Amino acid sequence: MAAMAAVLASPSCSSPSLSCQSSCSSRRSIFACSHRPPRSRKKSLRKGPPARKNGDEFKGVSQKRFPGRGKDERAYLPPDGSRGEAGWSQSMVFGSAGLQKKDKDLVYDLREQQFDDTGNLQDAAFLNAVVKVYCTHTAPDYSLPWQKQRQYTSTASAFMIGDGKLLTNAHCVEHDTQVKLKRRGDNTKFVAKVLARGIECDIALLSVESEEFWRGAEPLCFGRLPCLQDSVTVVGYPLGGDTISVTKGVVSRIEVTSYAHGASDLLGIQIDAAINPGNSGGPAFNDRGECIGVAFQVFRSEEAENIGYVIPTTVVSHFLNDYERNGKYTGFPCLGVLLQKLENPALRACLRVPSNEGVLVRRVEPTSAAGNVLKEGDVIVSFDGVSVGCEGTIPFRSTERIAFRYLISQKFSGDVSELGIIREGSSMKVKTVLRPRVHLVPYHIEGGQPSYLIIAGLVFTPLSEPLIDEECEDSIGLKLLAKARYSLARFKGEEIVILSQSYSTKKSYYSWRMPQLFFRLRVCTLSQPNFLQ
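All figures in this text were calculated on a predicted structure; none of them were measured in a lab.

Rules of the game
- Residues numbered from 1 in each chain as written.
- Predicted model: local features only at pLDDT ≥ 70, side-chain atom pairs only at ≥ 80, totals over all residues.
- Heavy atoms only, no water.
- Salt bridge = Lys/Arg side-chain N within 4 Å of Asp/Glu carboxyl O.
- Helix = DSSP H or I, 4+ residues; strand = E, 2+ residues; numbered from the N terminus.
- Buried < 20%, exposed > 50% of the residue type's maximum accessible area, 1.4 Å probe, protein only.
- Arc of directions from axis to C-beta.
- Phe/Tyr/Trp six-rings, centres within 6.5 Å; stacked < 30°, edge-to-face > 60°.
- Contact = heavy atoms within 4.5 Å.
- Core = buried A, V, L, I, M, F, W, Y, C linked by side-chain atoms within 4.5 Å.
- Polar contact = N/O pair within 3.5 Å; in protein donor to acceptor, adjacent residues only side chain to side chain.

Mind laying out the pattern of salt bridges, listing which residues take part and the relevant values?
Opposite charge on two side chains lets them pair, provided their charged atoms get close. Scanning the entire structure with this criterion turns up 12 salt bridges. One salt bridge connects Arg197 with Asp176, and the closest N-O pair in it is separated by 1.9 Å. On the criterion of sequence distance, the pair formed by Arg197 in strand 11 (residues 190–198) and Asp176 in strand 10 (residues 176–182) is long-range, its members being 21 residues apart. By relative accessible area, Arg197 is classed as partly exposed at 31%. Taking the shortest distance from any N to any O, the salt bridge between Arg288 and Glu290 comes out at 3.6 Å. One connected set of salt bridges, linked through shared partners, spans Asp287, Arg288 and Glu290.

Shown next, in the form of structure tokens:
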């Protein structure tokens, strides 16, 4: 039997050869973004989402345009896979819009902005800070990782935050090849650069170098977190026309919300103002003309209506301060534990918890720093001095309560927090370092093409959520899917490598049987991910 040799090939190859090839080594995770183009092969040629068993879904608000399609077909909302770790039972779909942000020092300026007392929005200064985003996308092909999918375009919204920068949603500029911006009342498009992407919070920071673009521009002012029933105005460039659009409503709810694009749980504002494809990334204003957040997703259901979501200024501030501190986006930290509520009095008595408080630690992630101070069976009763209720909630503002995760999301990567715990009936204080979660199967692959390796016609690639989404969950296999959904990474950099394709070669003496090899190799893990580089 001839020996199998591995040879490096160029990423620009349009078809696989008898070689070993690696492209970008950074890992990318699945995205439920409405910017995803329809697949050019297999079942992915569908123009719209397939029939769903569940009538509920999250949809984005972007306009997508494909070559050869009519103008009336620009609103495209492709399907998205459900999020395992995020705990979503509904399918999510995202769209691009636009957003803008301001602040030279990346700290909120809470000054009141001038607002037309007559209530006339036509000449309001803050409307001129909202711009239209034109983005060309080229997404990678995760099933055939040596090539890319066909290009497609989308439009979204963005807004100015000062210091030559703007804000929009991360899904609006995902896999961008070119980003251009156009101001209100102008007919010139200016090239923009993406400085940072916050996948978890679905925020992207843009910059425009042209001085002409900023001539006469007035950045937006950020307001505080609103209260229930406060008036809210959403501004952007949704479908239905080419000019700026304004919709009004009220704040319906404020709580920790699942972000479909980043598969994360962060503070969100629910509003009843209309949010349509093209609104994503656009600012939401209060009645004083201050920006209180960024429109980014909606909830569609046969049993619900008028449910839109806005990223609050607290999350935007965290993103900007993180970028200012580190020169890049480092992400939101997590505690790295699986928690259970302690509403059952018998369970609290068994754990010797004297009061109606605390949450039970069910599992500690191996990659979490909390593994050094916490263990299964501990009860967390406080976080940095704030008491944690038995339902996993903490006091919020005056008469409200909010999920315990909110406190963790306010921290930065590397921060140290003090936990009050009860262990076997004894109270104690411990400290732990907060770090971003390490995913065994990533939801997004940061930067470029996915890694792959070709040996004797066998194509190996790391398992990721985008790959699962493209290949469909039914074809992956139950055992592999369960491992991808519920297994934890034992160390940073661990990943699952699967045999994704098998090709006949002249150098092969045997005819490889794809199902057998896939079954044997699909659960292999690599301790050194750089092996694929």
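Okay, back to it.
Before we move on, can you summarise helix 7 (residues 478–486) with the specific residues and values?
Among all positions of helix 7, only Leu480, Leu481, Ala484 and Arg485 are buried. On an axial view of helix 7, the arc spanned by its buried residues comes to 130 degrees, and they lie on one face. Every exposed residue of helix 7 that faces more than 90 degrees away from the buried side is listed here: Leu478, Lys479 and Tyr486.

Explain the packing of aromatic side chains to me, and be specific about the residues and the numbers.
For the structure on display, the rule yields 10 aromatic pairs. Judged by centre distance (5.5 Å) and plane angle (80 degrees), the rings of Phe396 and Tyr406 are edge-to-face. Taken together, the positions of Phe396 in strand 23 (residues 393–396) and Tyr406 in helix 4 (residues 405–409) put the pair 10 residues apart, joining distant regions of the chain. Here Phe396 and Tyr406 have matching classes, each one buried.

I'd like a description of the side chain of Lys132, backed by residues and values.
On the secondary structure map, Lys132 appears in strand 7 (residues 130–137). Exposure remark for Lys132: the relative accessible area of 2% places this residue in the buried category. Not counting residues within four places of it along the chain, the set of residues in contact with Lys132 comprises Thr155, Ala156, Lys180, Leu181, Lys182, Tyr237 and Asp242.

Quick one: what's the story with the nonpolar core, residue by residue and with numbers?
Core analysis: the biggest nonpolar cluster contains 90 residues, and Leu167 and Leu181 have the highest contact counts within it. Sort the elements by how many residues they give to this core and strand 17 (residues 291–300) lands first, with seven residues. Counting residues in hydrophobic clusters, the runner-up holds 14 residues, among them Tyr142, Leu463, Leu467 and Ile498.

I'd like a rundown of unusual backbone geometry, residues and numbers included.
Backbone geometry places Asp202, a non-glycine residue, at a positive phi of 55 degrees. With respect to the helices, strands and loops of the structure, Asp202 is situated in the loop between strand 11 and strand 12 (203–207). Classification of Asp202 by relative accessible area gives buried; the value is 0%. Although it is not a glycine, Asn306 adopts a positive phi angle of roughly 55 degrees. Locating Asn306 in the fold gives a position in the loop between strand 17 and strand 18 (308–312). For Asn306, a relative accessible area of 53% corresponds to the exposed category.

Help me get a handle on the side chain of Glu494, residues and values and all.
Residue placement: Glu494 occurs in the loop between helix 7 and strand 29 (495–502). A distance of 2.6 Å separates the side chain of Glu494 from the side chain of Arg490, its partner in a polar contact.

Explain the environment of Lys148 to me, using residue names and the numbers behind them.
Mapped onto the elements, Lys148 comes out in the loop between strand 7 and strand 8 (152–162). For Lys148, a relative accessible area of 44% gives the class partly exposed. In this structure the C-alpha to C-alpha distance between Lys148 and Gln449, which are 301 residues apart in sequence, comes to 8.0 Å. Here Lys148 is in contact with Thr138, Ala139, Pro140, Asp141 and Gln449, once residues within four sequence places are set aside.

How would you explain the environment of Thr155 if you had to name every residue and give the values?
Mapped onto the secondary structure, Thr155 falls in strand 8. Along the backbone, Thr155 and Lys180 are 25 residues apart, and their C-alpha atoms lie at a distance of 9.6 Å.

Fair warning: the whole summary comes from geometry, so function is off the table for now.
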